[in-house]
Amino acid sequence: MRNRFLDERTARDIDTMVAKILRGLGSPEPPLILDHVRALQKLDRHYYSSVDDGPLREFVSRAYIGTKQVFSRPTLILDVVRKRSLKALYLPDRRRVLIDSSQPKLNWRWSETHEIIHDGIPWHQETMFGDTEYTLSPDCHEQIEAEANYGAGRLLFFQEKFREFVSGSEPTFELIKAATKRYGNTMTSTLWRLVEVLDIPALGIVGAHPRGNTDPNRAAPQCRYFIRSRTFIERFANVTEDAACEVLRAHASSRRGGPIANDEVILVDDRGEQQIFHLESFYNGHEALTIFVLKRSVLVRMPVSGIGNQINVPSRLRR
Ligand SMILES: [Zn+2]
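What counts and what doesn't
Residues numbered from 1 in each chain as written. Predicted model: local features only at pLDDT ≥ 70, side-chain atom pairs only at ≥ 80, totals over all residues. Buried ≥ 20, exposed ≤ 12 C-beta atoms within 10 Å, placed from the backbone. Helix = DSSP H or I, 4+ residues; strand = E, 2+ residues; numbered from the N terminus. Pairing = 2+ DSSP bridges. Core = buried A, V, L, I, M, F, W, Y, C linked by C-beta atoms within 7 Å. Contact = placed C-beta atoms within 7 Å. Axes fitted to C-alpha atoms, helices over the stretch in contact; angles between N-to-C directions. Arc of directions from axis to C-beta. Parallel < 35°, antiparallel > 145°, perpendicular 65-115°, else oblique. Left-handed = near helix turned anticlockwise from the far one by under 90°. Nonpolar A, V, L, I, M, F, W, Y, C, P; charged D, E, K, R; others polar.

Q: Can you lay out the pairing of strand S8 (residues 128-131) for me, pointing to particular residues and giving the numbers?
A: Alternating positions in S8 separate into two faces, Met128 and Gly130 on one and Phe129 and Asp131 on the other, with burial throughout. Across 2 bridges, strand S3 (residues 63-65) lies against S8 in parallel orientation. Residue pairing for S8: Tyr64 is matched across the bridge by Phe129.

Q: Describe the pairing of strand S9 (residues 202-207), naming the residues involved and giving the relevant values.
A: Looking down a regular strand, the side chains alternate between one sheet face and the other. Counting buried residues along S9, 6 of its 6 residues qualify, which places the element largely inside the surrounding structure. Here S9 shows a buried face lined by Ala202, Gly204 and Val206 and a second buried face lined by Leu203, Ile205 and Gly207. Judged from the 6 bridges that link them, S9 and strand S13 (residues 288-297) form a sheet pairing that is antiparallel. Across the sheet, residue Leu203 finds its bridge partner in S13, namely Phe292. Bridging between S9 and strand S10 (residues 225-228) involves 4 bridges; their strand directions are antiparallel. Across the sheet, residue Leu203 finds its bridge partner in S10, namely Arg228.

Q: If you had to explain unusual backbone geometry to someone new, which residues and values would you point to?
A: With an omega of 0°, the peptide bond running from Pro30 to Pro31 counts as cis. Mapped onto the fold, Pro31 is located in the loop between helix H1 (8-24) and helix H2 (34-41). Not every positive phi belongs to a glycine, and Ser27 is a case in point at roughly 45°. Taking the number of C-beta atoms within 10 Å as the measure of exposure, Ser27 has 10 and is therefore exposed.

Q: Summarise the nonpolar core; cite the residues concerned and give the values.
A: Val195, Ala202 and Ile205 are the most contacted members of the largest nonpolar core, which totals 75 residues. Here this core takes 7 residues from helix H6 (residues 143-156), the largest share from any one element. Among residues more than four places away in sequence, those in contact with Ile205 are Cys223, Tyr225, Phe226, Ala244, Cys245, Leu248 and Thr290.

Q: Which residues make up the environment of Leu86, and what values do they have?
A: Among the structural elements, Leu86 can be located in the loop between helix H3 (77-84) and strand S6 (88-91). With 48 residues separating them along the chain, Leu86 and Tyr134 place their C-alpha atoms 9.7 Å apart. Among residues more than four places away in sequence, those in contact with Leu86 are Val80, Val81, Asp100, Gly130, Asp131 and Thr132.

Q: Break down the sheet that holds S13 for me, citing the residues and quoting the values.
A: Strand order across the open sheet formed by 5 strands is S10-S9-S13-S12-S11, with antiparallel pairing between neighbours. In this open sheet, the two strands that pair with only one neighbour each are S10 and strand S11 (258-268). On average, each strand axis in the sheet is inclined to that of its neighbour by 20°, with strand direction left out of account.

Q: Describe the sheet that holds S3, naming the residues involved and giving the relevant values.
A: Strand order in the open sheet made by the 6 strands is S1-S7-S6-S8-S3-S4, with mixed pairing throughout. The sheet is open, and its two borders are formed by strand S1 (44-48) and strand S4 (68-71), each paired with just one other strand. Put simply, the sheet's adjacent strands are angled 25° from each other on average, direction ignored. Where S3 lies against S4, 3 bridges are found, and the strand directions are antiparallel.

Q: How would you summarise helix H8 (residues 173-183) if you had to cite specific residues and measurements?
A: For H8, every residue scored as buried is listed here: Phe173, Ile176, Ala179 and Tyr183. Taken down its axis, H8 places every buried residue within 120° of arc, on the same side. If you follow the buried residues of H8, they end up packed against H6, helix H7 (160-166), helix H9 (187-197) and strand S12 (274-283). Within two residues after H8, Gly184 carries a phi angle of roughly 70°, on the positive side.

Q: Could you give an account of the packing of H2 against helix H4 (residues 105-120), naming the residues involved and the relevant values?
A: Put simply, H2 and H4 touch, their axes get as near as 11 Å, and they point 20° apart. One element, H2, and the other, H4, form an angle in the roughly parallel class. Judged by the twist between their axes, the crossing of H2 over H4 is left-handed. Each of Leu34, Val37 and Gln41 in H2 lies in contact with H4, whose residues at this interface are Arg109, Glu112, Thr113, Ile116, Asp119 and Gly120. Split by residue class, the contact of H2 with H4 holds 3 nonpolar, 3 polar and 3 charged.

If you want it as structure tokens, here you go:
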């Protein structure tokens, strides 16, 4: 699944709302404390699970998942949640956010912020939103959900503060780790934000271990997320998920934890020119997080006395 960018006007409108929340909190330093955001927005949060479905024993008269209305008469929320495997909900009339506590705890923070954004975006008002694993994932392409995910990323990473934090540093895993610590968000969402804010060609991949299970029927997706910076989309539109995963596999070790790749690799741009990227991959015990960042062109023109220019191939690529 690929990331995409919202149109400028929508992004600006959502940013205005996010800026208002951050101002209302007194322009704090990261990490964002969601208890404070809920207090400011006068929202209430409850957790539910299959053994504690109490918070779901209420009726709602209509509910949406993305742009689809999933029912239009008074129905027990519990039925909808079970039938649709909802992971999080926003109930406007109760001003309540409901989170499925059986999803991994690391995901709660993103889910809750996603619902807070549904509540804050004026044109999402007065609708009960139910969210599935798909709509909560930042690559969901349904407009309403893409908007909530964009806002969640902008709020959890303090809008332009994140860009300032990462600019001036090499976009490496060291930086991702430092930003993960500073902002208190998952490494996956930090990698995602980093690739999206970079103004150089960069690619992020989140997926199964590149040297993991080779049985295609059992393997987790090699490329669950395929995250591209704007300039990567402009200049490397031809680089596909399969091609990038193949490069990763060729350079990855079989280690089951920590760094599994750190190398220079070649990707071919849309003009057919070879470009060198720095590839780094990190296995967190669950998934491999990978980043490719453009370093330079393979064709380095070296002035040679009297005979014009000569092509120089870096020594480590001559293997
Ligand atoms: Zn949603």
